[in-house]
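Chain residues, written in single-letter form:
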Amino acid sequence: ALATNRALAGLVQELESRPGRLLRIRHPGGDAGSGEAEALREALIALGVPGARIRLEPAATENNRLLIETIDRP
C-alpha cells in the first residue's frame, strides 16, 4: 500500500531528482509517535530510499499525525 501512495511517491520522486534534498518525517513524539515514524522510515528504506536521506523530527503536528516533506540539506 505504501508503494502505491501517490503523495508519498511524489515526495520520493522529488527526493531522487534533487540530490540536495532530504525527506523529513515530523511526528508527535512519545513512544507511539516515534514508533510510527520509525516504522515508516524502515518501510521507505525497504523500498530503496537511502536511510541517510531520511530525517525523523519530533514536533507538534496537527491531529498527532505524521507530516512528511522534502527539505534542503542543512
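Just so it is clear, the structure is predicted and the values come from calculations on it, not from any experiment.

1. Brief notes about the pattern of salt bridges
Line of reasoning, step 1. For the structure shown, the criterion picks out eight salt bridges.
Line of reasoning, step 2. Within the structure, one salt-bridge network assembled from shared partners comprises E14, R18, R21 and D72.

2. Quick word on helix α2 (residues 30–46)
Line of reasoning, step 1. Its 17 residues give α2 an end-to-end C-alpha distance of 24 Å, which sits within 8% of 24 Å, the value for a rise of 1.5 Å per residue.
Line of reasoning, step 2. For α2, every residue scored as buried is listed here: G33, A37, L40 and L44. Buried residues along α2 cover an arc of 60° about the axis, so they all sit on one side. With respect to the buried face of α2, the exposed residues turned more than 90 degrees away are D31, A32 and A46.

3. Quick look at the nonpolar core
Line of reasoning, step 1. One finds L8, L11, V12, L15, L23, I25, A37, L40, L44, V49 and I54 forming the largest nonpolar core, which totals 11 residues.
Line of reasoning, step 2. Secondary-structure elements contributing two or more residues to this core are α1 (6–17), β1 (21–27) and α2.
Line of reasoning, step 3. Residue contributions to this core peak at four residues, all from α1.

4. Details of the environment of R55
Line of reasoning, step 1. Looking at the secondary structure, you find R55 in strand β2 (residues 54–58).
Line of reasoning, step 2. A relative accessible area of 30% places R55 in the partly exposed class.
Line of reasoning, step 3. On a C-alpha basis, the gap between R55 and T70 in space is 9.7 Å, while along the polypeptide they are 15 residues apart.
Line of reasoning, step 4. Discounting residues that sit within four places of it in the chain, R55 has contacts with L22, L23, R24, I25, I71 and P74.

5. Comments concerning the pairing of β2
Line of reasoning, step 1. Pairing geometry for β1 and β2, over five bridges, is parallel. Across the sheet, the residue bridging to I25 is L56, located in β2.
Line of reasoning, step 2. Note on the crossover from β1 through α2 to β2: the handedness is right-handed.

Calculation notes
Residues numbered from 1 in each chain as written. Predicted model: local features only at pLDDT ≥ 70, side-chain atom pairs only at ≥ 80, totals over all residues. Heavy atoms only, no water. Salt bridge = Lys/Arg side-chain N within 4 Å of Asp/Glu carboxyl O. Helix = DSSP H or I, 4+ residues; strand = E, 2+ residues; numbered from the N terminus. Expected span 1.5 Å × (residues − 1). Buried < 20%, exposed > 50% of the residue type's maximum accessible area, 1.4 Å probe, protein only. Arc of directions from axis to C-beta. Core = buried A, V, L, I, M, F, W, Y, C linked by side-chain atoms within 4.5 Å. Contact = heavy atoms within 4.5 Å. Pairing = 2+ DSSP bridges. Right-handed = clockwise from strand over helix to strand, strands pointing away.

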